[in-house]
Amino acid sequence: MLIKSALLRVFLRVGVYPLRASPRRVSISLVLLAAALLSAASRSLDIYWIDAEGGAATLIVSPSGQSLLVDTANRTPDDRDAKRIFAAAQQAGLKKIDILLTTHFHGDHIGAMQALSKMIPIEMYMDHGDSVELNRPNVAAQYKAYVELSQGKRKVLQPGDRIPLKGADITVLISAGKPITKAMKGGGPNATCKDWQDRTIPEPDPDNDQSVGFLLKFGKFKFVDMGDLTWNYEKKLVCPDNLIGPVDLYQTTHHGLDRSNSPQFVWGIKPRVAVMNNGPRKGGPVSVFETLRQSPGLEDIWQGHLALGIPKEVNTDEKMIANLEPTAECKGNLLKVSVAPDGKYTVTNQRNGFSKTYASR
Ligand SMILES: [Zn+2]
């Protein structure tokens, strides 16, 4: 596909010359063709974590130039999060969002959708199906707006479905509480399940349980985003068998809260790098840092925010934290991951320019 589109671009620019074309023009077109092929082959897949003060908005741009936005964070009177998402889309050179995946219908995942849709076109909407919290007026109002905006462009996802982002391979692992039934490559028995303990307190916000979770593959590289999937639902994917297998990069589930991120889930998928999209006072309790640090093979934790409610030293190294201030003074710096076609991926903190490169398994 990449080669085809590169060829097309060259032909559009240079034109297809008939047999009588001058040798000079033919050689120029060959040089342009080679350059286009090289740039297509060397282009990266990029992931941006937009800082939404504890909301979720993860923008994925594939080498094809197509984009998948996962969640649209919060609604505020000044459209703060919509503006931050739009700024990231501009940084990525996007003219539209090809796919918006809403993992579930809570305000911190769908709040900025309406404002954003006025800033940049959204072509396709994907989700888990009806909200299960329509008895809550706020949720019902946002869901109604979603249904109206997505009319004719909506797809309800089932486990095992592919999300059609050209240039990446994305499989839905769970949707509306239903997990895949067959393990992905690398999955198998999970020895840590003997210690599994169910959470007995019912989830107060049950649409979290319905979250769409997915595995993105780009060459050797694997990335998991589970939205706000909760503890007991994580079990469906990792116990007794780990249906996901090992991954390279993990967006800590539920902003790094301890209602999610069970040890069996984290230690089962064995991420090398974790990105926590926490807020200054949301996500990142000590127990989740402990689970991550005990995870076999974990090299680094990156954070959207310094977690202010725990001792500073429990947080990751300051140079790997995108924002240090409380919300009122926060500039909304991004974390960005660039994945090269060979599987090497570089995480960059846009606050200070600090970056580090990791190898995919
Ligand atoms: Zn959330």
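Okay, so let's go over this structure. (Residues numbered from 1 in each chain as written. Predicted model: local features only at pLDDT ≥ 70, side-chain atom pairs only at ≥ 80, totals over all residues. Heavy atoms only, no water.)

### Some points on the overall build of the protein chain
Thinking step 1. From N to C terminus, the protein chain includes 9 helices and 20 strands.
Thinking step 2. The buried share of the protein chain, taken over its 361 residues, is 54%.
Thinking step 3. For the protein chain, the proportion of contacts with a sequence separation of at least 24, taken over those separated by at least 6, is 69%.
Thinking step 4. Total accessible area computed for the protein chain in this model is approximately 15,800 Å², and 56% of it derives from carbon and sulfur atoms. (Helix = DSSP H or I, 4+ residues; strand = E, 2+ residues; numbered from the N terminus. Buried < 20%, exposed > 50% of the residue type's maximum accessible area, 1.4 Å probe, protein only. Contact = heavy atoms within 4.5 Å. Areas by Shrake-Rupley, 256 points an atom, 1.4 Å probe, with all protein chains shown as cover.)

### Focus: the coordination of the zinc ion
Think of it this way: four donors in a tetrahedron around the metal ideally sit 109.5 degrees apart, and six in an octahedron ideally sit 90 or 180 degrees apart.
Thinking step 1. Protein coordination at the zinc ion comes from D108 (OD), H109 (NE2), D228 (OD) and H255 (NE2), with a distance range of 2.1 to 2.2 Å.
Thinking step 2. Coordination at the zinc ion is irregular, judged from the 4 donor atoms that bind it and the angles of 84 to 151° they form at the metal.
Thinking step 3. The motif formed by the donor residues of the zinc ion, counted along the single chain, is D-H-x118-D-x26-H. You can see H109 sitting in helix α4 (residues 107-110) and its partner D228 sitting in the loop between β12 (221-225) and α7 (231-238), a full 119 residues away along the chain. Here H109 matches D228 in class, with each residue buried. (Donors = N, O, S within 2.8 Å, 3.2 Å for Na, K, Ca; no water. Tetrahedral: all angles 85-135°; square planar, octahedral: opposite > 155°, others 65-115°.)

### Observations regarding the state of the cysteines
In protein chemistry, a disulfide is the covalent bond that joins the sulfur atoms of two cysteines.
Thinking step 1. Counting across every chain of the model gives 1 disulfide.
Thinking step 2. Covalently, C193 is tied to C239 through a disulfide, its sulfur atoms 2.0 Å apart. Across the disulfide from C193 to C239, rotation about the S-S bond amounts to roughly -90°, and the bridge is consequently left-handed. Of this pair, C193 sits in the loop between β10 (188-189) and β11 (213-218) while C239 sits in the loop between α7 and β13 (241-242), and the two are 46 residues apart along the sequence. Comparing C193 with C239 shows no difference in burial state: the two are buried. (Disulfide = S-S within 2.5 Å.)

### Points about the pairing of strand β2 (residues 58-61)
Thinking step 1. Residues T58 and I60 of β2 are buried on one face, and the alternating residues L59 and V61, pointing to the opposite face, are buried as well.
Thinking step 2. Here 4 bridges tie strand β1 (residues 45-49) to β2, and the two strands are oriented antiparallel to one another. Note that in β2 the partner of I47 across the bridge is I60.
Thinking step 3. Taken together, the 4 bridges between β2 and strand β3 (residues 67-70) define a ladder with antiparallel strand orientation. (Pairing = 2+ DSSP bridges.)

Everything listed is a geometric property; what it means functionally is a separate question.
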